[in-house]
Amino acid sequence: QVQLVESGGGLVQAGGSLRLSCAASGSTFSFNSMAWYRQGPGTQRGLVAAISNSGSTNYADSVKGRFTISRDNAKNTVYLQMNSLKPEDTAVYYCNARYTVSSYWGQGTQVTVSS
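Let me begin by describing the structure that accompanies this report.

Rules and cut-offs
- All residue numbers refer to positions counted from 1 along the written sequence of the respective chain.
- Given that this is a predicted model, residues contribute local features only at a pLDDT of at least 70 and side-chain atom pairs are listed and counted only at 80 or more, while totals for whole chains, interfaces and linings are drawn from all residues.
- Each side-chain value is worked out from all heavy atoms of the structure, with water and hydrogens disregarded.
- Going along the chain from the N terminus, every DSSP run of H or I of four or more residues is numbered as a helix, and every run of E of two or more is numbered as a strand.
- In protein, a polar contact requires one atom able to donate a hydrogen and another able to accept it; more generally it is a pair of N or O atoms within 3.5 Å, and residues adjacent in sequence count only if both atoms are side-chain atoms.
- The disulfide criterion used throughout: a pair of cysteine sulfur atoms within 2.5 Å.

### Quick notes on the side chain of Glu6
The residue Glu6 is located in strand S1 (residues 3–7) in this model. There is a polar contact of 2.7 Å between the side chain of Glu6 and the backbone nitrogen of Cys95. From its side chain, Glu6 meets the backbone nitrogen of Gly108 in a polar contact 2.8 Å long.

Structural data, given as C-alpha cells:
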C-alpha cells in the first residue's frame, strides 16, 4: 500500500524559508507526477506546485519565483523549497502523487508564517 509522509513544516517569520519533504513508500513504480497542495483557513485545497517524472514543473502564480519543487525519483521523494515566505502562505501543505488513474495523499504538514 502506498503511503506518503510529509515533513519539514513549522513556524517561521515572514521572509524566512522552509523545506518540505514527502517520501513515498510501498510503491514499485515511479509516479507520473508529484505535487504539493495547500489548504489555508477557510479556503479550498489548491495546487501549489507539481513536477512530472521527466522534471517538468508548474507553479501557482502566487508562489512563482519564491517556491521550487524538485524530486528524487530514485527515492520516490518530492521536495518543496519555500523562500520569502509570507503570512498568506500559512496553510496545511499536502503531498500528492499520481500513477495512471490512482492518486495518493499524505496526511499534511502545517506551515505557519508569522508577520
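We are not done yet, so read on.
### Remarks on the state of the cysteines
Evaluated as defined, the whole model comprises 1 disulfide. Bridging Cys22 to Cys95, the disulfide has an S-S length of 2.1 Å. Disulfide Cys22-Cys95: the torsion about the S-S bond is -80°, which places it as left-handed. Of this pair, Cys22 sits in strand S3 (residues 18–25) while Cys95 sits in strand S9 (residues 91–99), and the two are 73 residues apart along the sequence.

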